[in-house]
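Secondary and tertiary structure notes
Read off the chains here:
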Amino acid sequence: QVQLMESGGGLVQPGGSLRLSCAASGSIVSINLMGWYRQAPGKQRELVATITRDSITNYVDSVKGRFIISRDNTKKTVYLQMNSLKPEDTAVYYCNADILTLPVKYFDVWGQGTLVTVSS
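These notes cover the structure that comes with them. (Residues numbered from 1 in each chain as written. Predicted model: local features only at pLDDT ≥ 70, side-chain atom pairs only at ≥ 80, totals over all residues. Heavy atoms only, no water.)

What to know about the sheet that holds strand β1 (residues 3-7)
- Ordered by their spatial adjacency, four strands build an open sheet running β1-β3-β8-β7, and the pairing between neighbours is antiparallel. One side of each edge strand has no neighbouring strand; the edge strands of this open sheet are β1 and β7 (67-72). Direction aside, the axes of adjacent strands within the sheet are offset by 15° on average.
- Where β7 lies against strand β8 (residues 77-82), six bridges are found, and the strand directions are antiparallel. (Pairing = 2+ DSSP bridges. Helix = DSSP H or I, 4+ residues; strand = E, 2+ residues; numbered from the N terminus. Axes fitted to C-alpha atoms, helices over the stretch in contact; angles between N-to-C directions.)

A word on the pairing of β7
- A one-sided burial pattern is seen for β7, the buried positions being F67, I69 and R71 and the unburied ones I68, S70 and D72.
- Between β7 and β8, which pair antiparallel one after the other, the connecting turn spans four residues, and K76 there sits at a positive phi close to 55°. (Buried < 20%, exposed > 50% of the residue type's maximum accessible area, 1.4 Å probe, protein only.)

Here you go:
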């Protein structure tokens with residue numbers, strides 16, 4: 001079994017910060033692309049940020065300059081540091097990873113989701 005375990009969601013005030021973590025476990029050879037997605041109530045799921053194994057990143061325009069995605073390959077963990085949070089950032093956040101196992105097989109794995117609520 002290959003799993004992603006998310007943590008760090010919660011309630012924060014506008015302008016506050018929150019750090020999400022997502023740790024991979026199981027029989028893993030390597031992890032390629034990792035990313036964070038979010039889904040707000042009544043809206044489509046959207047890609048927030050991605051990061052390659054070599055830490056090349058990209059972001060959706062709405063979070064550029066506020067969010068930072070990073071990863072620790074030793075810990076098999078991806079992080080999302082969220083700063084200057086806005087009410088429109090409220091969503092369930094999901095991590096995603098492309099994971100290689102043996103025998104050679106790639107798994108597109110999703111975390112269970114963690115709720116981020118930005119409200120006064």
